[in-house]
Structures are given as C-alpha cells and as structure tokens.
Amino acid sequence: MPATDLALLIEAAEAAGRIAERHWRRKLRVWDKPGHQGPVTEADLEIDAMLRERLMAARPGYGWLSEETEDGPARLGAERVFVVDPLDGTRAFLEGDKSFAHALAVAAAGRVVAAAVYLPMLEKLYAATAGGGATLNGVPIRASGRALLDGAAVLTSRPALEPRHWSGPPPSVHRSLRASLAYRLCLVAEGRFDAMLTLRDSWDWDTAAGSLIATEAGARVTDRAGAALAFNTAIPVSRGVIAAPPPLHDEVIARLA
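The shown structure was predicted, so the numbers you read here are calculated from the model rather than taken from an experiment.

Parameters at a glance
Residues numbered from 1 in each chain as written. Predicted model: local features only at pLDDT ≥ 70, side-chain atom pairs only at ≥ 80, totals over all residues. Heavy atoms only, no water. Pairing = 2+ DSSP bridges. Helix = DSSP H or I, 4+ residues; strand = E, 2+ residues; numbered from the N terminus. Contact = heavy atoms within 4.5 Å. Axes fitted to C-alpha atoms, helices over the stretch in contact; angles between N-to-C directions. Salt bridge = Lys/Arg side-chain N within 4 Å of Asp/Glu carboxyl O. Buried < 20%, exposed > 50% of the residue type's maximum accessible area, 1.4 Å probe, protein only. UniProt positions renumbered as here; feature names shortened; annotations may be inferred.

Chemist: Just to check I follow, could you spell out the sheet that holds strand 3 (residues 63-66) for this structure?
Modeler: The pairing of strands in a sheet comes from backbone hydrogen bonds and takes either a parallel or an antiparallel form. If you trace the seven strands from one edge of the open sheet to the other, you get 3-4-5-6-7-8-9, paired in mixed fashion. For this open sheet the edge positions go to strand 3 and strand 9 (139-140), each flanked by a neighbour on one side alone. Examined bridge by bridge, strand 7 (residues 124-129) and strand 8 (residues 134-136) share three bridges and lie antiparallel to one another. Across the sheet, Tyr-126 pairs through a bridge with Leu-136, a residue of strand 8. Packed on one face of the sheet, helix 1 (residues 2-23) meets strand 4 (80-88), strand 5 (101-108), strand 6 (111-119) and strand 7 and runs near 30 degrees to strand 6. The sheet contacts of helix 5 (residues 204-216) involve strand 3, strand 4, strand 5, strand 6, strand 7 and strand 8, and relative to strand 6 the element is tilted by about 100 degrees.

What follows is the structure in structure tokens.
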C-alpha cells in the first residue's frame, strides 16, 4: 500500500507543480490569513482544490488534513489520512523565488508511511516510503555523517541561535535558511546540510512529508524536546522540529536549554 500511495502522491505533486508554474511570477490575488498566519494566494487555493479532488477520489476512505482546507474531526476516525501543504513557501513563491515546494504525505496510526516533496522550478522530486528508503529524482539519498554541532551546516532562523535557547554558549554553525520547511528537511535528507532546527511550533502539513524523507535517509527527526513526531492528532502541531544524523541530533538536544 505505501508504494501505491507514493505513486499517487507523486502524480498529484507533479500536477500541483504544473499549476504553480502557470501562476509563478504573475500577478496574483493574495489574502492575509487570520491570526498572522501569513499570505495565501489564488495559486494555493487552486492547488489545494485540485489535490483534494484528485487524492480523495482515488482514496475515498482516507482522511484529509491540509493547510488550505478548514479542519474538522472527521479525519481522526480515518485509518489513513492525507497530510498536505499545497504550496509550502508562499512568500518565496510571491517573491519569484524557486524554492517553494508541494509537500504531500499519507499518515497511518500517527506515522507517515509515504511522502513526496516536489520543487517544480528546481526540478527536484524527493520521495520515500516507510522502510523503503528516500530518493531524489529516483536516486537514493543519505543524510550527512557529521557528529559535531560546532562547525556544522545548519538550516535555521537567526532567533533559534539566541543564547536564551541554549544551556551554554550557542553553537557556532554555518547558518542558512529556506522558506519551505519541507524543503529544509529534504536538504538534510540529501546531505547538503547537516541539520535543520526550528524551535517554533510547527504544523503537520509543514513537517509530515519531509520528516519521513529525512528519517528514511538516516536522519533522526523529533520535536525540540527529542520526542518523536506524531501525526493526525486533534491539534496537528509539533513542538518544533530537529532533524540531523543521530550523533549530531543528540548533541543538539543535550545543548538546548
């Protein structure tokens, strides 16, 4: 089942990419979400509607959780659930940046079992199934083997490195960032960066697909306290995300305040 679900996710992600390409660097209608949740564009909504129609038609018994669809309790009773971010990195998309992504996953019993993250403008398709490894454009990928935090290449925001978050001096790292949290997790999976760290609460749709891809590539992925991520909970939020090779992950957890 994970393999057939993955094939479905990949087809849907590629269809999402075609819609995004049509809207990219064009004048779009944009709305601000309530509660300072950021912008949403007509492209986000068109992709969300397409994904929901396509995926739920193929798997009518699955639940549905998406950033751009009003949530409800029905998904909690489903054996499997789609967890979708139709367009991860909307601000980057609006700015004409190529690093936005479509992040699609299937979760069962709180665990992600199939995932695809597609960056159409960069022609990068990351994919994974539980126990089946992770790939980039069909080629297997592995996280880096780095064990030490100081000197590591880390995807994180500047505020996460403020002294108040660390039990001793903040780590000295080579810091970078990408707008899409899903893409950050995939870059760790690919080994292009050693780790990613966000201390802010993170929505399931931002983390589900990338977390499986990073895990299957050999990284350890947890919340900021070191607990495993659980998906399709009543409140679909994790307490931050840390993804890194196991020894490096252990050091991050040990040094966080």
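Chemist: What should I look at first to understand the pattern of salt bridges in this one?
Modeler: Opposite charge on two side chains permits pairing when their charged atoms draw close. Under the definition given, this model contains twelve salt bridges. Here Lys-124 makes a salt bridge to Glu-190, at a shortest N to O gap of 3.3 Å. Here Glu-190 lies in helix 4 (residues 181-190) and Lys-124 lies in strand 7, a separation of 66 residues in the sequence. Judged by its relative accessible area of 9%, Lys-124 falls in the buried class. Residue Glu-162 pairs with Arg-164 through a salt bridge whose shortest N-O separation is 2.7 Å. Its relative accessible area of 31% is what places Glu-162 among the partly exposed residues. Taken together, the shared-partner salt bridges connect Asp-5, Arg-59 and Arg-80 into one network.

Chemist: How should the UniProt feature "binding site: Mg(2+)" (unreviewed entry) in the protein be read in this particular structure?
Modeler: Following the UniProt record, one finds the feature "binding site: Mg(2+)" (unreviewed entry) at Glu-67, Asp-85, Leu-87, Asp-88 and Asp-206. Taken along the chain, the residues just named run across 140 residues; in space they keep tight, none of their C-alpha pairs more than 9.7 Å apart. For Asp-85, the position within the fold is in strand 4. With a relative accessible area of 0%, Asp-85 lands in the buried category. Not counting residues within four places of it along the chain, the set of residues in contact with Asp-85 comprises Glu-67, Ala-101, His-102, Ala-103, Trp-205 and Asp-206.

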